[in-house]
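Examining the three-dimensional arrangement
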Amino acid sequence: MNKLVAGNWKMHGVAADLQQVRAIAEASRRFPSVDVALCVPATLIERAARAVPGFAIGAQDVHFADKGAYTGCVCTAMLIDAGASLAIVGHSERRDAQRESDADVKAKADAALGAGLAVILCVGENLAVREAGNAVRTVSDQLDASLPHGPAVASGVPDRLAVAYEPIWAIGTGKVASCEDIAEMHAAVRDRLAAAYGDAAQRVRILYGGSVKPSNAPEIFGVADVDGALVGGASLKAEDFVPIVAAAAAVEAAPPIA
Ligand code: PEP
């Protein structure tokens with residue numbers, strides 16, 4: 001299974017930044033064993049997709065409804081029409097600022113997968129939960145309440161679904177979870193995936209996210225059950241992001257360290 005390295009540009013990016021999209025797509029061709037994607041702002045999806053045909057451009061959110069009176073929202077058909085092939089759902093910044101619940105996240109994942117998009121479903125604990133020793137329990141509960149189930153699973157969902165474990169206290173802070181904590185959490189995520197999808201759980205990629213950068217990527221990619229990364233700040237510039245893709249490619253042949 002190829003590793004997946006996806007960038008989340010958050011609320012960054014205008015036309016001038018398409019040169020970074022082009023540079024990242026061009027450089028990524030050197031690493032065919034890694035799947036690379038950029039989730040850009042909605043306003044940039046169409047231009048980015050046109051700029052780099054064949055390279056995966058994604059959205060950072062999607063509405064669960066297929067159309068309707070939802071001012072300011074974007075549905076799956078609009079994303080596909082603009083050229084997106086994947087969507088992030090449940091990012092902690094949206095769970096927090098937009099008060100998105102696990103049920104909302106599940107509805108979004110169902111809608112996106114049902115429409116044929118790939119999905120990166122984010123989960124993660126805050127610092128208080130981690131310090132109270134409840135991180136694994138909290139993330140497991142998030143997954144049980146937000147993973148898509150039912151008929152969608154039979155139609156190849158595991159291959160188009162990735163789960164991103166993103167400890168909230170590590171996002172944009174420069175703090176990174178220890179390899180032991182990442183290994184423990186990714187094993188727990190795999191366990192919940194197995195409960196939902198049986199053997200097909202092995203085909204769901206589990207990404208780590210939280211201050212991944214060129215200097216820590218090799219160590220993180222060496223941890224068992226780390227199938228890639230969701231990268232925020234370090235995905236904005238090719239000079240930062242491409243070395244992370246290279247680190248994912250380099251670890252392919254090496255055995256996991258934890
Ligand atoms: C993210 O936004 O998903 C993220 C992990 O951000 P950063 O890499 O900047 O911590």
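Residues numbered from 1 in each chain as written. Predicted model: local features only at pLDDT ≥ 70, side-chain atom pairs only at ≥ 80, totals over all residues. Heavy atoms only, no water.

The secondary structure content of the protein amounts to 12 helices and eight strands. A compact globule built from 258 residues should have a C-alpha radius of gyration of about 18 Å, and the protein, at 17 Å, falls within 12% of that. Considering only C-alpha atoms, the protein reaches an extent of 40 × 40 × 35 Å along its principal axes. Out of the 258 residues in the protein, the part that is buried amounts to 52%. In the protein, the share of contacts with a sequence separation of at least 24, taken over all contacts with a separation of at least 6, comes to 74%. On the protein, roughly 11,100 Å² of surface is accessible, and the fraction owed to carbon and sulfur atoms is 53%. Taken together, the 23 basic and 30 acidic charged side chains of the protein have centroids lying 5 Å from each other. (Helix = DSSP H or I, 4+ residues; strand = E, 2+ residues; numbered from the N terminus. Rg over C-alpha atoms; globule rule 2.2 N^0.38 Å. Buried < 20%, exposed > 50% of the residue type's maximum accessible area, 1.4 Å probe, protein only. Contact = heavy atoms within 4.5 Å. Areas by Shrake-Rupley, 256 points an atom, 1.4 Å probe, with all protein chains shown as cover. Lys, Arg positive; Asp, Glu negative; His and termini not counted. Charge placed at Lys NZ, Arg CZ, Asp CG, Glu CD.)

With that settled, the discussion passes to helix α1 (residues 18-28). For α1, the complete set of buried residues consists of Leu 18, Gln 20, Val 21, Ile 24, Ala 25, Ala 27 and Ser 28. The elements touched by buried residues of α1 are β2 (34-39), α2 (45-51), β3 (56-59) and α12 (238-251).

Taken together, the eight strands give a closed barrel; going around it, the order is β1-β2-β3-β4-β5-β6-β7-β8, and neighbouring strands pair in parallel fashion. The sheet shows a mean angle of 25 degrees between the axes of neighbouring strands, taken without regard to direction. Pairing geometry for strand β4 (residues 86-89) and strand β5 (residues 118-123), over four bridges, is parallel. For Val 89, the partnering residue across the bridge sits in β5 and is Leu 121. Helix α5 (residues 102-114) rests against β4, β5 and β6 (161-165) of the sheet, and its axis sits at about 165 degrees to β5. Packing against the sheet, helix α7 (residues 135-146) makes contact with β5 and β6, and its axis sits at approximately 145 degrees to β5. (Pairing = 2+ DSSP bridges. Axes fitted to C-alpha atoms, helices over the stretch in contact; angles between N-to-C directions.)

Along strand β8 (residues 228-231), one buried face is formed by Gly 228 and Leu 230 and the opposite face, lined by Ala 229 and Val 231, is buried too. Relative to β8, strand β1 (residues 3-8) is paired through four bridges, and the arrangement is parallel. Within the sheet, the bridge partner assigned to Ala 6 lies in β8 and is Leu 230. Bridge analysis of strand β7 (residues 205-209) against β8 gives two bridges, and the strand direction is parallel. From the neighbouring strand, Tyr 208 faces β8, where its bridge partner is Ala 229.

In this section: the site of the ligand. Within the structure, the ligand sits among 14 residues, and Lys 10, Glu 166, Gly 172, Ser 211 and Gly 232 are positioned closest to it. In the model, an oxygen atom of the ligand is placed 2.9 Å from a nitrogen or oxygen of the His 91 side chain. Between the ligand and Gly 172 there is a distance of 2.6 Å, counted from an oxygen atom to a backbone nitrogen or oxygen. Among the residues making up the shell around the ligand, the classes are represented as four nonpolar, eight polar and two charged. (Near = heavy atom within 4 Å. Polar contact = N/O pair within 3.5 Å; in protein donor to acceptor, adjacent residues only side chain to side chain. Nonpolar A, V, L, I, M, F, W, Y, C, P; charged D, E, K, R; others polar.)

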